[in-house]
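So the chains spell out like this:
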Amino acid sequence: MNTVRICHLYPGELNIYADRGNIAVLRRRLEWRGHRLDVHEVGVGARIPDDADMYYLGGGQDRDQIVVAGDLATTKADALHRAVADGSVILAVCGGYQLAGHGYTGVDGTRMPGIGLLDADTTAGPTRLIGDVVITVEVAGAPLTVVGFENHAGRTTLGPGSVPFGTVRHGHGNNDMDGTEGAMTNRAIGTYLHGPLLPKNPQLADLLLGWALEHATGAQVPLAPLDDALERQAHRAAIARVRERGSA
Amino acid sequence: MTIVPRGPSLVLARGIGALSRGLGRGGGTSVPGRVLLRLRPQAIQELGGGLPRGSLVISATNGKTTTARLIGSCVAATGWRTVSNRAGANLVFGVATALLDGDATRPKPEFGLFEVDEFALPEVVARLAPRVVVLMNLFRDQLDRYGELEAIADSWARMIARLPTSTTLVLNADDPAVAALADDAHPRLFFGIEDPTTALDALPHAADSIRCRVCAHPLEYARVTLGHMGSWRCANCGAARPVLDVAARRVTLSGTTGLDLELSTPVGDISAHIALPGVHNAYNATAATAAAIALGIDRATIGPALASAEAAFGRAERVSVAGREVVLLLAKNPAGANVTVQTVLLDPAPLHLLIALNDRTADGKDVSWIWDVDYEPLIERLGDLVVSGDRAYDMALRFVYAGLDRGRIRIEPDPARALDAALAHLPEDRPLYVLPTYTAMLGLRSILVERGVASAYWDHG
């Protein structure tokens with residue numbers, strides 16, 4: 001049995017898109033294989049270790065994100081930078097993705113600084129980009145289809161320090177222009193996909209767990225296959241919904 | 001733009017509405033109003049302004065329809081002839097259609113009672129200039145359509161700043177975002193629940209307004225009753241839950257069938273048995289009492305009128321199907337679903353559940369909210385679970401990751417088959433609790449209507 005330690009950052013502030021669903025999936029998929037997840041919830045003001053196996057940042061309402069942005073820079077940014085360099089896994093979703101980049105410029109020009117874990121920068125657009133999303137992710141050898149839902153006003157563009165997390169097949173992605181979705185540097189991932197992300201994408205969940213176990217143990221830990229029939233059905237239903245609605 | 005004179009506008013809009021209903025094309029609740037406002041943009045002001053007893057508008061994320069029904073019962077008991085919109089037709093066009101239809105009845109209505117969508121509220125209120133505005137709660141709901149809570153609260157604050165000073169505000173003191181809407185310009189009544197036995201152990205996960213509206217500092221709660229509602233204060237700026245004008249001093253929940261309420265009010269104490277279950281209906285009845293008092297309705301009328309009100313369409317509505325009882329409990333967002341889960345848990349026997357999740361426009365296309373609902377306490381109380389709807393597999397996964405054995409979940413995306421599957425496993429003396437999203441509720445209800453066990457949409461007031 002191995003234990004994966006995850007820092008869930010700001011669960012009280014950044015939780016608007018059912019982020020705890022992602023944590024539940026990580027926990028159960030470890031437990032079903034005889035491992036365990038140790039969740040360390042960290043709020044405003046507290047410092048964090050730089051050696052956790054995983055860090056999770058969700059999305060919040062605008063007011064909460066402003067509170068979090070200041071705290072992230074002062075009490076957590078340094079540890080997160082060291083953790084990314086050391087191969088810890090970071091999953092930052094929606095608002096958390098924007099904060100993990102360089103920052104967010106609002107419609108009125110105000111700037112909310114991010115912490116630059118990802119080479120991504122975000123500017124508010126004139127409309128919200130909302131709807132089902134299907135992307136192809138190529139970080140695991142074979143291409144992986146990932147489904148989710150997006151709802152963001154920000155348009156994100158990537159610099160050379162990050163690669164896109166995925167390629168948009170349906171939906172808007174980073175900026176509705178260049179066909180990219182999300183950003184990745186080392187094992188730090190930012191994405192607009194919620195739904196939540198992991199329940200309907202079990203292969204992605206296992207990819208992240210494999211990385212986290214590798215960080216925890218210093219070796220590759222094989223993950224036993226699970227009965228994912230329901231997960232695959234839900235995944236297929238989400239893709240069928242995109243086709244029915246014809247949203248692209 | 002040409003403005004058509006009033007008389008011809010009404011006749012034309014009515015004619016087109018009759019045509020639309022006659023063709024069975026649906027839209028009977030919005031098309032006439034849409035036509036009317038196209039021909040005569042000031043029609044709501046004119047028809048609403050012509051009601052001698054004025055109007056009342058109610059809005060909330062949860063509880064609009066039931067509370068409008070409870071207020072309607074009080075108003076009917078007073079004898080006022082009332083025009084109201086139908087549940088679901090709660091945008092500007094729905095209100096216009098109701099006024100248009102009301103204007104054609106003889107004798108003409110005296111009073112307007114309208115439940116209005118949170119987003120459409122500022123426009124409806126600006127046109128109607130109601131006597132009373134009832135604001136009950138703001139919860140996370142359909143984020144894909146509406147953006148976030150703060151934006152709605154801000155739009156309500158701007159709306160109130162423009163209201164005539166003669167309008168009375170009826171505000172939920174227990175919801176920090178709603179209580180903060182009070183200003184010095186308008187008369188107001190604060191309502192809330194004072195009974196400490198209604199307290200939850202902790203803030204539910206889905207709690208929304210946990211920061212102060214004034215200074216953004218995290219709020220402290222002496223007591224939480226539902227979602228983020230309860231007895232709150234801000235240690236930083238001193239903002240706190242206002243003193244209640246209409247207070248539910250005692251709330252006694254009687255299982256899944258009803259509740260007893262003892263209220264303190266400015267006009268004296270009121271007691272009532274409400275034939276609707278759960279603490280959310282205690283809020284609805286308390287809000288309705290405050291609204292009735294704001295309208296000047298006699299104290300002695302209110303209790304019996306609340307007691308005689310029946311469940312609204314799909315909201316704790318009970319239907320008998322082949323000798324079995326089916327209870328429809330609309331559950332369309334985290335706060336509503338949480339309180340529905342808490343309500344069915346009041347039934348001590350093993351629970352037979354049909355949970356139906358759709359993701360159509362009226363439901364919200366983003367189904368991530370189900371992960372914010374605390375379904376976990378249901379697992380050890382479960383007799384049988386059928387999941388249904390467009391996103392049945394998402395709901396099944398929610399229970400799998402809550403810890404329910406995969407083999408115990410029966411999945412029937414088709415609603416008629418799901419209903420049959422659930423009824424087939426239902427013991428004779430047990431009710432089936434159906435927890436549908438909005439369009440899933442409409443779908444299941446139309447199946448019940450086809451089977452002759454529920455009354456059709458048009459029969460429902």
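Residues numbered from 1 in each chain as written. Chains lettered and ligands numbered in written order. Predicted model: local features only at pLDDT ≥ 70, side-chain atom pairs only at ≥ 80, totals over all residues. Heavy atoms only, no water.

### Here we look at the overall build of chain A
Per the secondary structure count, chain A includes five helices and twelve strands. By the compact-globule yardstick of 18 Å for 248 residues, chain A fits well, its C-alpha radius of gyration being 17 Å. Taking the principal axes of the C-alpha coordinates as reference, chain A spans close to 50 × 45 × 30 Å. Within chain A, the fraction of its 248 residues that count as buried is 60%. For chain A, the computed accessible surface area is about 9100 Å², with 51% contributed by carbon and sulfur atoms. If you average the places of the 22 positive and of the 28 negative side-chain charges in chain A, the two averages end up 5 Å apart. (Helix = DSSP H or I, 4+ residues; strand = E, 2+ residues; numbered from the N terminus. Rg over C-alpha atoms; globule rule 2.2 N^0.38 Å. Buried < 20%, exposed > 50% of the residue type's maximum accessible area, 1.4 Å probe, protein only. Areas by Shrake-Rupley, 256 points an atom, 1.4 Å probe, with all protein chains shown as cover. Lys, Arg positive; Asp, Glu negative; His and termini not counted. Charge placed at Lys NZ, Arg CZ, Asp CG, Glu CD.)

### Brief notes about the side chain of A:Asn15
Structurally, A:Asn15 is set in the loop between β1 (3-9) and α1 (20-31). Owing to a relative accessible area of 10%, A:Asn15 belongs among the buried residues under this scheme. For A:Asn15, the side chain forms a polar contact with the side chain of B:Arg140, separated by 3.1 Å. (Polar contact = N/O pair within 3.5 Å; in protein donor to acceptor, adjacent residues only side chain to side chain.)

### Regarding the layout of surface pockets
There is about 790 Å³ of room inside the second largest pocket. Elements represented by at least two residues in the lining of the second largest pocket include exactly α2 (62-85), α3 (95-100), β6 (111-113), β7 (120-137) and β8 (144-158) of chain A together with α8 (149-161) of chain B. In terms of residue class, the lining of the second largest pocket is built from 13 nonpolar, 15 polar and eight charged. (1 Å grid on protein atoms, 1.4 Å probe; cavity = no way out; pocket = protein on both sides within 12 Å on 5 of 7 lines; lining within 4 Å. Points joined across faces, edges and corners; volume = space filled by probe spheres on them. Nonpolar A, V, L, I, M, F, W, Y, C, P; charged D, E, K, R; others polar.)

### Focus on the domain arrangement of chain B
Many authors give the size of an interface as the accessible area that is lost as the parts come together. By domain assignment, chain B separates into domain 1 (1-41), domain 2 (44-93 + 105-308) and domain 3 (315-452). Here the C-alpha centroids of domain 1 of chain B and domain 3 of chain B sit 38 Å apart. (Domains from an automatic or database assignment.)

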